[in-house]
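A look at the structure
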Amino acid sequence: MPVYGGEDFVADAIESVLDQTVDSVELVVVNDGSPDDSEAVIEEYLPHDDIVYASQDNAGVTAATNRAIELASGEYLGVHPQDDVSEPDRLEKQVAVLDEHPDVGFVYSPATFVDLDGEPFTTWGNWRGEGRVDAAALFEKLYREGMFLASPSVLFRRDHITDDERPWGDPDLRVVSDWEHWLVAAQHYDAVYEMADPIVRMLRDDDHANLGRSSDTVFAEEKVVLHRIRRQYADGDPPVTRRHFARAMSNHSVRELRYRLYETGEYLCGLRATLRALRYDPRNGDLYREYGSILRSLF
């Protein structure tokens, strides 16, 4: 659990982990130089047999997650945001899946989005429904269409991690390191597992979303990941071919187009995104469907 500026939420997150119905849970909390009273809130739970605590100068969420994984001793790992809450039987259900299916690399579920009052307003992250999913299919969808997993829901094996110094990812990625991590993990395993029912509640408002004030960072980092995965897995299983890369980059531009037009009203940026989408893949049907939708709304 990386923590930065989480004094208002981290207690609920910690308690949701400590209240799990499984017998053995280790919670590693890394305070990433929080400027508020997060440390005081965390220290209310210390010392605790099930908590490992470390504090460091601010280095970003990816660096803090790297350090947490370095300190963790468990065979199964999950990255738990400071402002989200796990359902009490979340780990019990996920551990059972991983124990029963040795070839499954990680297990995930949809998430329930809640507001600041804890009231649910939507569910996000469901794809195939309950059951095993071919890891190659998941990789292709993640790469071509972007992030669709509720990362706080994921429990994963650690045996795909090969970089001991950066077990979670590149610390220069401030927002999308989870996306790159799941892409790498999906190349390592034969299968993953999707649970049908949400097992986490994710706080979502203007200050708790990937897009918004950090949109420029998100779009820039996604490009870095798309290029890096293309180089890393040109001969992977499945391989990232030139055609896959072109469609993924075109889809990335379509996502930016939608955001610029509908969320921020940056029409010139939206036009530039359109031209990029066309340049990468002029046969991308999603782009033409998007413009068809725009024209229908105008007329």
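Look a little higher up for the structure.
It should be emphasised that the depicted structure is a prediction, and the values quoted were computed from it without experimental measurement.

1. Points about the overall build of the protein chain
Assigned secondary structure in the protein chain consists of ten helices and twelve strands. The C-alpha radius of gyration of the protein chain comes to 20 Å, within 12% of the 19 Å expected for a compact globule of 299 residues. Each principal axis of the C-alpha atoms in the protein chain carries an extent, and together these give about 60 × 40 × 35 Å. The proportion of buried residues among the 299 residues of the protein chain is 50%. Long-range pairs, those at least 24 residues apart, make up 77% of the contacts in the protein chain between residues at least 6 apart in sequence. Carbon and sulfur atoms form 47% of the exposed surface of the protein chain, whose accessible area is close to 14,800 Å². Each charge sign in the protein chain was given a centre, from 30 positive and 58 negative side chains, and these centres are 15 Å apart.

2. Here we look at a negative patch on the surface
A surface patch of negative charge is lined by Asp134, Glu140, Asp190 and Asp237. With respect to the helices and strands, Asp134 occurs in strand 9 (residues 131-134).

3. Observations regarding empty space enclosed by the protein
The gaps left among the atoms become clear once a water-sized probe is rolled over them. Here the structure, examined in full by the defined rule, presents one cavity of 30 Å³ or more. Here the largest cavity defines a volume of roughly 50 Å³. Residue lining of the largest cavity: Phe139, Glu140, Tyr143, Arg144, Pro239, Val240 and His244, and that is the complete set. The leading source of residues in the lining of the largest cavity is helix 5 (residues 135-145), at four residues. When the residues that make up the lining of the largest cavity are grouped by side-chain class, the tally is four nonpolar, one polar and two charged.

Calculation criteria
- Residues numbered from 1 in each chain as written.
- Predicted model: local features only at pLDDT ≥ 70, side-chain atom pairs only at ≥ 80, totals over all residues.
- Heavy atoms only, no water.
- Helix = DSSP H or I, 4+ residues; strand = E, 2+ residues; numbered from the N terminus.
- Rg over C-alpha atoms; globule rule 2.2 N^0.38 Å.
- Buried < 20%, exposed > 50% of the residue type's maximum accessible area, 1.4 Å probe, protein only.
- Contact = heavy atoms within 4.5 Å.
- Areas by Shrake-Rupley, 256 points an atom, 1.4 Å probe, with all protein chains shown as cover.
- Lys, Arg positive; Asp, Glu negative; His and termini not counted.
- Charge placed at Lys NZ, Arg CZ, Asp CG, Glu CD.
- Patch = residues over 30% accessible without salt bridge, like charges linked within 9 Å, V, L, I, M, F, W, Y side chains within 5 Å.
- Salt bridge = Lys/Arg side-chain N within 4 Å of Asp/Glu carboxyl O.
- 1 Å grid on protein atoms, 1.4 Å probe; cavity = no way out; pocket = protein on both sides within 12 Å on 5 of 7 lines; lining within 4 Å.
- Points joined across faces, edges and corners; volume = space filled by probe spheres on them.
- Nonpolar A, V, L, I, M, F, W, Y, C, P; charged D, E, K, R; others polar.

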